[in-house]
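Architecture and fold: a report
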Amino acid sequence: EDGGEGRPRMRERDKLTVAQRNKIKRAKEKQAMERSAKAERKRLKQLDRVGSLVSEIGKESRLLKKKQEEAEERERIRKKKLGKFKYEPPRPDVLLTEELPSSLRALPAEGSLLQDRFDSLRARNLIEVRDKAKKLKVRKTRKEVLRESHKDLKYISPYLKEKPHWM
């Protein structure tokens, strides 16, 4: 007879004896000990592998670092060229000893922050290097063009037989 749990239901007279209960208890303890011993062996095995895992991780990190350095070196060598002109750094402004004032505080500020910043961007290859824009010559002669606008149509005589050639 099932008790609904998949095992036969105990009857009053089928109670276990003390020896049987002890035997079941010892079997459960033995299984628990075997499980804990197995887990301990597994942990020890993993601990033995720690050295090899650490060396393997170190080897992989060294290889990765080496690859990154090689890629950086290649990138450094292969500078991207934005324009057709090469950047030429401007000559530094240097004063002669006769031109230097007695105190550095009296030295006038020269240069332009905007120009220095612009040169820095060019040097780092963030802005294309170009020639200075050439000034366009202004034409002195002006060409006259006759334009027929819609305003001219207002004043056309109603008695005009044919339209002008520009209509």
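So, here is what we can say about the structure in this document. Just so we're clear, the structure is a prediction, and the values are computed from it rather than from any experiment. (Residues numbered from 1 in each chain as written. Predicted model: local features only at pLDDT ≥ 70, side-chain atom pairs only at ≥ 80, totals over all residues. Heavy atoms only, no water.)

1. What about the overall build of the chain?
- Secondary structure summary: the chain contains two helices and zero strands in total.
- Looking at the chain as a whole, 2% of its 167 residues qualify as buried.
- Within the chain, contacts between residues at least 6 apart in sequence are counted, and of these 46% link residues at least 24 apart.
- Counting every atom, the chain has about 18300 Å² of accessible surface; 54% of that belongs to carbon and sulfur. (Helix = DSSP H or I, 4+ residues; strand = E, 2+ residues; numbered from the N terminus. Buried < 20%, exposed > 50% of the residue type's maximum accessible area, 1.4 Å probe, protein only. Contact = heavy atoms within 4.5 Å. Areas by Shrake-Rupley, 256 points an atom, 1.4 Å probe, with all protein chains shown as cover.)

2. Some words on helix H1 (residues 18–77)
- In a regular helix each residue adds 1.5 Å, so 60 residues correspond to 88 Å; H1 covers 86 Å between its end C-alpha atoms and thus fits that length.
- The largest bend in H1 comes to about 40°, at Val50. (Expected span 1.5 Å × (residues − 1). Bend = angle between axes of the 7 residues up to and from the residue.)

3. Remarks on the pattern of salt bridges
- Per the stated rule, a full pass over the model turns up four salt bridges.
- Of the charged contacts in the structure, one is a salt bridge between Glu40 and Arg43, with a shortest N-O distance of 2.6 Å. With Glu40 and Arg43 both in helix H1, this residue pair falls three residues apart, about one helical turn.
- For Glu128, the salt bridge is made with Arg130, and the minimal N-O distance between the two is 3.5 Å. (Salt bridge = Lys/Arg side-chain N within 4 Å of Asp/Glu carboxyl O.)

4. Brief notes about helix H2 (residues 113–123)
- Where H2 begins, one side-chain oxygen reaches toward the backbone nitrogen of Leu114, 3.3 Å away; that side chain belongs to Ser112.
- In the stretch just after H2, Asn125 is the one whose phi turns positive, near 65°. (Polar contact = N/O pair within 3.5 Å; in protein donor to acceptor, adjacent residues only side chain to side chain.)

5. Topic: unusual backbone geometry
- In this model, Asn125 sits at a positive phi of 65°, which is unusual for a non-glycine residue.
- One can find Asn125 in the segment after H2.
- Exposure remark for Asn125: the relative accessible area of 26% places this residue in the partly exposed category.

6. Side note on a nonpolar patch on the surface
- A cluster of nonpolar side chains, namely Leu44, Leu47, Val50 and Val54, defines an oily patch on the protein surface of about 370 Å² accessible area.
- With respect to the helices and strands, the residue Val50 is situated in helix H1. (Patch = residues over 30% accessible without salt bridge, like charges linked within 9 Å, V, L, I, M, F, W, Y side chains within 5 Å.)

7. Section: the environment of Glu110
- Tracing the backbone shows Glu110 in the loop between H1 and H2.
- Residues Glu110 and Asp93 lie 17 residues apart in sequence; the distance between their C-alpha atoms is 8.7 Å.

8. Let's talk about a negative patch on the surface
- There is a patch of like negative charges on the surface, built from Asp93, Glu98, Glu99, Glu110 and Asp116.
- For Glu98, the location among the structural elements is in the loop between H1 and H2. (Lys, Arg positive; Asp, Glu negative; His and termini not counted. Charge placed at Lys NZ, Arg CZ, Asp CG, Glu CD.)

9. Overview of the side chain of Asp119
- In this structure, Asp119 sits in helix H2.
- A relative accessible area of 15% places Asp119 in the buried class.

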